[in-house]
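# Structural overview for review
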Amino acid sequence: MPCVADWLNNPFSIVQGIFAQNVPNSDWEKKVTEYFKEKLKENNATNWVPSLNDVPVHYLKPNSLVKFRCMVQDMFDPEFYMGVYETVDPNTNARVLHFGKYRDVAECGPQQEIDLNSSQTITSERQTFYCVPVPGESVWVKEAYISASQARVSPSTSYTPSRHKRSYEEDEDMDLHPSKQKEQHMGSGSEIHGCVEPKRLETEASAGHHLTSPNCSSPLDLNFPLPGEKGPACLVKVYESWDSFKVNDVLEVYGILSVDPVLSIVNNDEREGSALDLMECMDTAEEQRVHSPPASLVPRIHVILAQKLQHINPLLPACLNEESKTFVSNFMSELSPVRAELLGFLTHALLGDSLAAEYLILHLISTVYARRDVLPLGKFTLNLSGCPRNSIFTEHIYRIIQQLVPASHRLQMTIESMNRSRLIPHKDYAANRLVSGVLQLASNTSLVIDETQLEQGQLDTTGVHNVTALGNLITWQKVDYDFSYHQMEFPCNINVLITSEGRSLLPSDCQVHLQPQLIPPNMEEYMNSLLTAVLPSVLNKFRIYLSLLRLLDYSISEEVTKAVEEDFVEMRKSDPESVTADDLHRTLLVARFLSLSAGQTTLSRERWLRAKQLEALRKARLQQQKCVNGNEL
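Remember, it's a predicted structure, so these values are computed and weren't measured experimentally.

Parameters and conventions
- Residues numbered from 1 in each chain as written.
- Predicted model: local features only at pLDDT ≥ 70, side-chain atom pairs only at ≥ 80, totals over all residues.
- Heavy atoms only, no water.
- Axes fitted to C-alpha atoms, helices over the stretch in contact; angles between N-to-C directions.
- Helix = DSSP H or I, 4+ residues; strand = E, 2+ residues; numbered from the N terminus.
- Parallel < 35°, antiparallel > 145°, perpendicular 65-115°, else oblique.
- Left-handed = near helix turned anticlockwise from the far one by under 90°.
- Contact = heavy atoms within 4.5 Å.
- Nonpolar A, V, L, I, M, F, W, Y, C, P; charged D, E, K, R; others polar.
- Phe/Tyr/Trp six-rings, centres within 6.5 Å; stacked < 30°, edge-to-face > 60°.
- Buried < 20%, exposed > 50% of the residue type's maximum accessible area, 1.4 Å probe, protein only.
- Lys NZ or Arg CZ within 6 Å of the ring centre and 35° of its normal.
- Salt bridge = Lys/Arg side-chain N within 4 Å of Asp/Glu carboxyl O.
- pLDDT = per-residue confidence, 0-100.
- Core = buried A, V, L, I, M, F, W, Y, C linked by side-chain atoms within 4.5 Å.
- Pairing = 2+ DSSP bridges.
- Patch = residues over 30% accessible without salt bridge, like charges linked within 9 Å, V, L, I, M, F, W, Y side chains within 5 Å.
- Areas by Shrake-Rupley, 256 points an atom, 1.4 Å probe, with all protein chains shown as cover.
- Expected span 1.5 Å × (residues − 1).
- Arc of directions from axis to C-beta.
- Polar contact = N/O pair within 3.5 Å; in protein donor to acceptor, adjacent residues only side chain to side chain.

Taken N-terminus to C-terminus, the directions of helix α13 (residues 335-349) and helix α15 (residues 391-404) make an angle of 160°; their axes are 11 Å apart at the nearest point. Here α13 lies roughly antiparallel to α15, going by the angle between them. Note that α13 runs across α15; the crossing there is right-handed. Counting all contacts with α13, which are made through L342, F345, L346 and A349, the residues of α15 involved are F393, I397, I400 and L404. Looking at the contact of α13 with α15 residue by residue, the classes come out as eight nonpolar, no polar and no charged.

Dropping the structure here:
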């Protein structure tokens, strides 16, 4: 039987063995998938597979098995490839069948040629996704995945760290003599890359997420949605069930790493005489540049297995199913003290305001659980007004949220940032790609919008579009991507928290006015000491708590529904002016998340009364502030 080293370090040997045993039977593809699926089910086997999220590409062996936790940023057009092809030796006329699946370049023996007219040739189709690391992924998430990894990697001999960029003459020599590339391609992995790899580059992008491509005069934009993001972008080639994946989905893929130098040939002059010429001669230069970036900067992964992730919290089981029942029940048994500790922690963070802390917990576990027509159900955008104008407080609130949730982003809302930012993704038809924007985020990302620095000024056209996009995101949980001639709706599930001095200019589901019980003389010192005082084990419980409760089902019995309706009718009778249908909807939402925060998956009379009490306190505070200021908040 093949050992671990075979299926991890040389998966092609496994595929070749299964292919050779089963040809011409088409079942070989299914058997390959089943083989790797079974291997990865073995105890901790997924931790043995090196991850492109953790390991720079130059540490990974070409054509080895890798994994990648990513978001689908764009989908390219499907591409055709030779699934099975035949080679012939002109001297002996000996014929050999090969598989083209999981490869970028067709492989031949030393004296063989591909028979393009062979009746054995099978043309197949695959889908290419342009994938980036999950935008705004928290540092603690990355660190937890790295610490769980048992992958053994060392710098690949295919990369020479101290080597300078090869000369243009070397490039020209390689590209004008494709036979040299072919000869090297037939050798071992280290020979391939040792001969023709361009300047070694880290997988991490700079703050502007541009990397210089060896074959392009201008920098290569890795198209990350958020500024300052780091990590590799990958072309992920999917062979089965690609219809089940869509833009903005978060995936974990297992596949064969391809960094073949021949993929780096992107300029038209260089392509002349190349084997790739026939396949891509119809593309524009800009499209070639974007769709065929150097493999050293944007590696390819040929997917054997892929799954859509429910969440990216490494402290939770990947899927909440029968196997994870024990984990869930054990955690639920200690939920009450965890909630109490989290409430205390957030109360301190919000300067002693326990009501605001209650609502912040409800906000952090909220999620869109269904859509009725165009209305997203379960969204709970919180406007925390009354925040100090100095940005230190709001910065630290965001830092605390970063420590609690798996993915987040802070958007500072100023006239200048609204006029200059690229929030909405748009289609670039010249390059045939979707250019990312800040609002291209994965589901369950926390977006903190800081309005405390907003001053009077004039919004230009871009600014108006950006503010409208934020309003649509909050109200409808959708972003309208700009396709020039039309807009395309992309539904989303983003938790939006707005920090502001007065009432936010943006819509919200719930406004809580902050009432600090203490004003620390040194805000920076106070907030820092708050974070350092929390034990890592306690912080991990908070992280599990917030992620787990978002995944639980919830229901209301007919009996409680009837009681709530009767209660609402009584409320309307006693105060018809101020009690509206919106109040009922908001109180039901508060009751839902209040129940879930206590680990209850159904509404009880007790929780309904507590929700009414919280809402009464919140409204009374807003009314009090309105009377103090003499205007509406």
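We now examine the packing of aromatic side chains. The relative placement of two aromatic rings is captured by the distance of their centres and the angle of their planes. According to the stated counting rule, one finds 14 aromatic pairs in the structure shown. Ring geometry for F19 versus W28: centroids 5.0 Å apart, planes at 80°, classification edge-to-face. Residue F19 is classed as buried on the basis of its relative accessible area of 2%. Its relative accessible area of 4% is what places W28 among the buried residues. Ring centres of Y102 and Y239 lie 5.2 Å apart, and the angle between their planes is 65°; this geometry places the pair in the edge-to-face category. With Y102 in the loop between β3 (95-99) and β4 (113-114) and Y239 in the loop between β8 (234-238) and β9 (250-258), the pair connects residues that are 137 residues apart, well separated along the chain. Residue Y102 is classed as buried on the basis of its relative accessible area of 1%. Take Y239: its relative accessible area is 8%, and that puts it in the buried class. Joined through ring pairs, the aromatic side chains of F12, F19, W28 and F99 make up one cluster. The cationic tip of R103 hangs over the ring face of F99; the distance from NZ or CZ to the ring centre is 4.6 Å. Over the face of the ring belonging to Y369 we find R592, whose NZ or CZ atom lies 3.6 Å from the ring centre.

Below, the discussion takes up the pattern of salt bridges. Applying the stated criterion across every chain yields a total of 35 salt bridges. Measuring nitrogen to oxygen at the nearest pair gives 3.8 Å for the salt bridge that ties D221 to R433. Residue D221 is found in strand β7 (residues 220-221), and its partner R433 is found in strand β16 (residues 433-435); the two are separated by 212 residues along the sequence. Neither residue differs from the other here; D221 and R433 are each classed as buried. Taking the shortest distance from any N to any O, the salt bridge between D567 and R605 comes out at 3.9 Å. With D567 in helix α20 (residues 558-574) and R605 in helix α22 (residues 605-629), the pair connects residues that are 38 residues apart, well separated along the chain. Here the residues in one salt-bridge network are D583, R586, E615, R618 and K619, joined through shared partners.

This part takes up the confidence of the model for the protein chain. Averaged over the protein chain, the pLDDT score is 86; the fraction of residues at 70 or greater is 85%. Within the model, pLDDT remains below 50 along residues 158-208, and this stretch shows 81 contacts once partners closer than five positions in the same chain are excluded.

The next point concerns the nonpolar core. The biggest cluster of nonpolar side chains holds 65 residues, and the ones touching the most others in it are F345, Y359 and L404. Beyond its immediate sequence surroundings of up to four residues, L404 is in contact with W140, L342, F345, L346, L364, L539, F542, R543 and L546. Among the nonpolar cores identified, the runner-up in size contains 26 residues, and M418, L423, I449 and L470 belong to it.

Bringing the sheet that holds strand β17 (residues 446-450) into the picture now. The sheet built from five strands is open, its strands ordered β14-β17-β20-β13-β21 with parallel pairing. The sheet is open, and its two edges are formed by β14 (408-412) and β21 (510-513), each paired on a single side. Strand-to-strand twist across the sheet, computed as the mean angle between neighbouring axes with direction ignored, equals 20°. Two elements, strand β13 (residues 382-385) and strand β20 (residues 495-499), share three bridges in a ladder whose sense is parallel. If you follow N383 over to β20, its bridge partner there is I498. Contacting β14, β17 and β20, helix α17 (residues 461-476) runs over the sheet at an angle of about 125° to β20.

A cluster of nonpolar side chains, namely V374, L375 and W476, defines an oily patch on the protein surface of about 270 Å² accessible area. Take L375: it is sitting in strand β12 (residues 375-377). Taking the relative accessible area as the measure of exposure, L375 reaches 39% and is therefore partly exposed.

Here we come to α20. The end-to-end C-alpha distance of α20 is 25 Å, a good match for the 24 Å that 17 residues give at a rise of 1.5 Å each. Residues of α20 that are buried: V560, V564, D567 and F568. Along the axis of α20, the buried positions cluster into a sector of 105°, meaning they face one direction only. Turned more than 90 degrees away from the buried face of α20 sit E558, E559, K562, E565 and K573, all of them exposed.

Below, the discussion takes up the environment of R610. As for its position among the elements, R610 is in helix α22. In the structure, R610 is positioned 23 residues away from T587 in sequence and 9.9 Å away in space, judged by C-alpha atoms. Apart from residues no more than four positions distant in its own chain, R610 is found in contact with E358 and L594. Within the structure, R610 has its side chain in polar contact with the side chain of Q613 (distance 3.0 Å).

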